[in-house]
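Chain residues, written in single-letter form:
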Amino acid sequence: MIVSCDRVTRSPEETEALAAELAGQLRGGECIALHGEMGAGKTCFVRGLVAGLDADPRMVSSPTFVLINVYRTPRLTVFHLDAYRTSGPADFEAIGFAELLEEGGVVILEWPQRIASLLPPQRIDVRIESEGESERRIRISLKDS
C-alpha cells in the first residue's frame, strides 16, 4: 500500500496523480489528515483523490467556508472537511464528526491540528510542503497509535 511515501511533485497534475494512486488503494473507513500551509495544494490533492475514485474532480472545492463538502463517487463517498475557521473540536462534534468516521466512506480533513483530540488513532497523514512555486514535497504515512 502507498501509505508510506515521500515524493516531490512538480505540478498540480503530478500532485493529483499521486492522490489518485492513493485513492486506488482505499477501501472505505479511512480518515486522511491533510497537513499543509495555505496554498500548499491540499484541495488539489483532494481533486486527485476524487478523480482516482472515478468521479469528476471539478466538483471539488475548498470547504473552508462551509465546513464540509460531500462527494458521492462510484466507489466511495468522500467527506471533505476543513477545520481552518473552526473554534476547536466542539464545532466538529456538533456536525457529527465521530459519526462521519463510521459511515464507511473516506473522511478527508484539512487543518487537522485544530481538532487533534478528535482524530482517530489510525489514519493516513498527508503532509504537503511547498518547495518552490510549483514543487511540493508530499509525505504520506500510516498513523497507528
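Refer to the structure above for everything that follows.
Below, the structure is looked at part by part. (Residues numbered from 1 in each chain as written. Predicted model: local features only at pLDDT ≥ 70, side-chain atom pairs only at ≥ 80, totals over all residues. Heavy atoms only, no water.)

1. Brief notes about the overall build of the protein
Of regular secondary structure, the protein possesses 4 helices and 7 strands. For the protein, the N- to C-terminal ordering of α and β elements is β-α-β-α-β-β-α-α-β-β-β. A compact globule built from 145 residues should have a C-alpha radius of gyration of about 15 Å, and the protein, at 14 Å, falls within 12% of that. For the C-alpha atoms alone, the extent of the protein along its principal axes is close to 40 × 30 × 30 Å. Classification of the 145 residues of the protein by burial places 49% in the buried group. (Helix = DSSP H or I, 4+ residues; strand = E, 2+ residues; numbered from the N terminus. Rg over C-alpha atoms; globule rule 2.2 N^0.38 Å. Buried < 20%, exposed > 50% of the residue type's maximum accessible area, 1.4 Å probe, protein only.)

2. Structural notes on the nonpolar core
Counting 26 residues, the largest nonpolar core has I32, F45, L49 and V126 as its most contacted members. In contact with L49, other than residues within four places in its own chain, are A19, A20, L22, A23, L26, I32 and I108. Among the nonpolar cores identified, the runner-up in size contains 14 residues, and L81, A83, F92 and L119 belong to it. (Core = buried A, V, L, I, M, F, W, Y, C linked by side-chain atoms within 4.5 Å. Contact = heavy atoms within 4.5 Å.)

3. Some points on the sheet that holds strand 5 (residues 106–110)
Ordered in space as 1-7-6-2-5-4-3, the 7 strands form an open sheet in which the pairing is mixed. A strand with exactly one partner marks an edge of an open sheet, and here the two such strands are strand 1 (4–9) and strand 3 (68–72). Here the average twist between neighbouring strands, direction ignored, is 15°. Pairing geometry for strand 1 and strand 7 (residues 136–144), over 6 bridges, is antiparallel. The partner of V8 across the bridge, within strand 7, is R137. Most of the contacts of helix 1 (residues 12–23) go to strand 1, to which it runs at about 160°, and overall it touches strand 1, strand 2 (31–35), strand 6 (122–130) and strand 7. (Pairing = 2+ DSSP bridges. Axes fitted to C-alpha atoms, helices over the stretch in contact; angles between N-to-C directions.)

4. Section: unusual backbone geometry
The residue D54 is not glycine, and still its phi comes out positive at about 70°. Inspection of the secondary structure assignment puts D54 in the loop between helix 2 (42–52) and strand 3. With relative accessibility at 52%, the residue D54 sits in the exposed group. The backbone phi angle of W111 is positive, close to 60°, even though this residue is not glycine. Within the secondary structure, W111 sits in the loop between strand 5 and strand 6. Take W111: its relative accessible area is 7%, and that puts it in the buried class.

Nothing here speaks to function; it is all geometry.
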